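Now for the letters of each chain:
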Amino acid sequence: MPYTLIDTAGVRRRKNIKEAIEKFSIVKTLQAIKDAHVVVAIMDAHEGLTDQDLHMLGFALEDGRALVIAVNKWDGMTADAKEEVKRQIDRKLIFADFANIHFISALHGSGVGNLYDSINEAYESAMAKFSTNMLTTLLADVVADHQPPMVNGRRIKLRYAHQGGSNPPLFIVHGNQTDGLTEDYKRYLKNKFIKVLKVKGTPVRFQFKSGKNPFEGHKVELTRRQVQKKDRMALFIKKSKKKNKRK
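Residues numbered from 1 in each chain as written. Predicted model: local features only at pLDDT ≥ 70, side-chain atom pairs only at ≥ 80, totals over all residues. Heavy atoms only, no water.

> Can you help me understand the layout of surface pockets in this one?
Using a probe with the size of a water molecule, rolled over the atoms, empty space left in the structure can be pinpointed. By volume, the largest pocket amounts to about 1,600 Å³. As for the largest pocket, its lining consists of 45 residues, and the residues nearest its centre are Ile6, Val39, Val40, Ala41 and Ile42. Grouping the constituent residues of the lining of the largest pocket by class yields 27 nonpolar, nine polar and nine charged. Empty space within the second largest pocket amounts to approximately 290 Å³. (1 Å grid on protein atoms, 1.4 Å probe; cavity = no way out; pocket = protein on both sides within 12 Å on 5 of 7 lines; lining within 4 Å. Points joined across faces, edges and corners; volume = space filled by probe spheres on them. Nonpolar A, V, L, I, M, F, W, Y, C, P; charged D, E, K, R; others polar.)

> Please clarify how the side chain of arginine 65 should be interpreted in this entry.
Along the chain, arginine 65 turns up in the loop between α2 (51-62) and β2 (66-72). Among buried Asp, Glu, Lys and Arg side chains, arginine 65 stands out as unpaired, with aspartate 63 the closest opposite charge at 5.8 Å. A polar side-chain atom of arginine 65 sits 2.8 Å from the main-chain carbonyl oxygen of aspartate 63. Leaving out residues up to four positions away in the same chain, arginine 65 has contacts with Ile33, Lys34, Ala36, Val39, Ala60, Asn167, Pro168 and Pro203. (Helix = DSSP H or I, 4+ residues; strand = E, 2+ residues; numbered from the N terminus. Buried < 20%, exposed > 50% of the residue type's maximum accessible area, 1.4 Å probe, protein only. Lys, Arg positive; Asp, Glu negative; His and termini not counted. Salt bridge = Lys/Arg side-chain N within 4 Å of Asp/Glu carboxyl O. Polar contact = N/O pair within 3.5 Å; in protein donor to acceptor, adjacent residues only side chain to side chain. Contact = heavy atoms within 4.5 Å.)

> Even after reading the chapter, I still don't get the pairing of strand β8 (residues 205-210), so can you show me in this structure?
The side chains of a regular strand alternate between the sheet's two faces. Judged from the six bridges that link them, strand β7 (residues 170-176) and β8 form a sheet pairing that is parallel. Paired with glycine 175 across the strands is serine 210, a residue of β8. For the crossover from β7 across helix α6 (residues 183-197) to β8, the handedness is right-handed. (Pairing = 2+ DSSP bridges. Right-handed = clockwise from strand over helix to strand, strands pointing away.)

> Help me understand the nonpolar core in this model?
Here is a general trend for soluble globular proteins: nonpolar side chains tend to be buried in one another's company. In this structure, Leu139, Leu158, Phe171, Leu189, Phe193 and Leu197 are the most contacted members of the largest nonpolar core, which totals 23 residues. Only α5 (132-145), β6 (157-165), β7, α6 and β8 provide two or more residues apiece to this core. With sequence-adjacent residues up to four places away left out, phenylalanine 171 is seen in contact with Phe130, Leu135, His162, Gln163, Phe193, Leu197, Val204, Arg205, Phe206 and Gln207. The next biggest cluster of nonpolar side chains, apart from the first, holds 21 residues, and it includes Ile33, Ala41, Ile89 and Ala96. (Core = buried A, V, L, I, M, F, W, Y, C linked by side-chain atoms within 4.5 Å.)

In short, shape yes, function no, at least from these values alone.
Structure follows, in structure tokens:
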């Protein structure tokens, strides 16, 4: 299958960015992130995770791009150095835990071919389409397992869900009092959707919308016939009360 690869210029640390040409290359890199379906973030294992790496990942996540992380120059590193890099990844990349991580050597080609499995997986997840019926059924199952919290003595109700977009997938959940959902419960929903739908390699976004009462603030105007019927009913009730008092 065909791929279009955009090889951006390496982004150096901010203190080393002086020349206009380098600043221009950063702008082009950020534009490439916006245009890409899948971003492959390549990091230097010998340098570890730099602030600049984290900034670039932040831009990719902000744009909702599917993501694969490649740690380059892995060959030739000592076991202790490799363990230190892995500890950095576990500590600093928790915000991108959906992304597959590959340890490669571009110079020798080791591990590079494996990137394509993750790229394809991330692309398919980012562009996937899910029916409203499937998402609503999933929402009902998830809610049945763990009910939303109470707000002002009333249980939050989540009625249905549909897909609002892709790349990244956006799921819109409708209900009442959704503003009262806690971050923990939102995270619970997100994790369940990701697991059941088998979404991998891409961030997932949720929107929660509360439905308004369609009759709120609306005064119902009765027809003449309805008014007469209402008056007859009121008269009947009044006579019945008088009759019961006499008894």
